[in-house]
Amino acid sequence: MGGGTDSGGDSAARRTLTSDEANRLAITRFLNYQAGGRAVTITVPSAAGGLVVTGSVDYRAGIGYGVVRGAGRDTSSDGLIQWTAAAVLVHPMTDTPATAPPAPPASGWYRRPLQKSGSALDSSLAIVLGLGSDRPDNAELLPQNGAALVGKDRVRGHSVDVMTGPNVRANNGTSFAPGSNSSSAVRYWIGGDGTMYRVRAGVASESQPVVIDFDDRKYVPVWAAPGVTPAG
């Protein structure tokens, strides 16, 4: 998972956030939006083998794009993927590249509505879109809503604080609460300046959480596939 210790952030006793920690958690989604977009790796749990999506998310346009690879029975999903809050487009490939081409192919896409429940992949894609916001959260309300510091960690050489936070609300209005897994809440791996490096969140359809790593790879601007608009 990109070089972090992946300890789950349990190296320190759970405690209430300080004002500085609450402020950093409050601005972390806004910083993603302010940056325009982020490079991302999404590890999606599945009993069939699991999926990994490697690509970029444009937080202002609300579009994600990248390569999806599977393990086990999930290899049938290999190819390109693009998504919005309303739709998922897949472009199957037998020889999937390591990174998605900057310009999406002009044809060969299969479009379907993004499922609001029952699909770990779709829930994960929607969660990722929900990790950007055009305004900071209310730092004073976060501790009141259960946000807490649960540990410290390192992710790809970055020292981070691991915090529980509010459930992720995707752009389609769906709120993703933890499913029946070991995560008691959505966890955020946050740097000293508020940068989001990792998020772990439960999905109701799987026993394991989805893990979202915001990579040190350079963000590649997302071009919309044919028929895709920023609003989905």
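In case you missed it, the structure is sitting above this.
Owing to the predicted nature of the structure, the values given are computational and were not obtained by experimental measurement. (Residues numbered from 1 in each chain as written. Predicted model: local features only at pLDDT ≥ 70, side-chain atom pairs only at ≥ 80, totals over all residues. Heavy atoms only, no water.)

A.B. asks: Can you help me understand the side chain of D153 in this one?
C.D. replies: Tracing the chain through its elements places D153 in strand 8 (residues 148-155). The side chain of D153 sits in the buried core without any salt bridge; R198 is the nearest counter-charge, 4.8 Å away. Side-chain polar atoms of D153 contact the side chain of W189, separated by 3.0 Å. (Helix = DSSP H or I, 4+ residues; strand = E, 2+ residues; numbered from the N terminus. Buried < 20%, exposed > 50% of the residue type's maximum accessible area, 1.4 Å probe, protein only. Lys, Arg positive; Asp, Glu negative; His and termini not counted. Salt bridge = Lys/Arg side-chain N within 4 Å of Asp/Glu carboxyl O. Polar contact = N/O pair within 3.5 Å; in protein donor to acceptor, adjacent residues only side chain to side chain.)

A.B. asks: Even after reading the chapter, I still don't get the sheet that holds strand 4 (residues 63-70), so can you show me in this structure?
C.D. replies: The pairing of strands in a sheet happens through backbone hydrogen bonds and is either parallel or antiparallel. The antiparallel open sheet is built from 12 strands, whose spatial order is 1-8-9-12-13-14-2-3-4-5-6-7. Edge positions in the open sheet fall to strand 1 (15-16) and strand 7 (110-113), since each of these has one partner strand only. In this sheet, strand 7 lies alongside strand 6 (residues 87-92) in antiparallel orientation, the contact comprising 4 bridges. Following the sheet pairing, L89 is matched in strand 7 by R111. Relative to the sheet, helix 1 (residues 19-35) contacts strand 1, strand 2 (37-44), strand 8, strand 9 (158-165), strand 12 (186-190), strand 13 (196-201) and strand 14 (210-214), its axis offset from that of strand 9 by approximately 105°. Most of the contacts of helix 2 (residues 120-129) go to strand 2, to which it runs at about 155°, and overall it touches strand 2, strand 3 (51-58), strand 4, strand 5 (79-83), strand 6, strand 7, strand 13 and strand 14. (Pairing = 2+ DSSP bridges. Contact = heavy atoms within 4.5 Å. Axes fitted to C-alpha atoms, helices over the stretch in contact; angles between N-to-C directions.)

Purely spatial values, then, with no claim about function.
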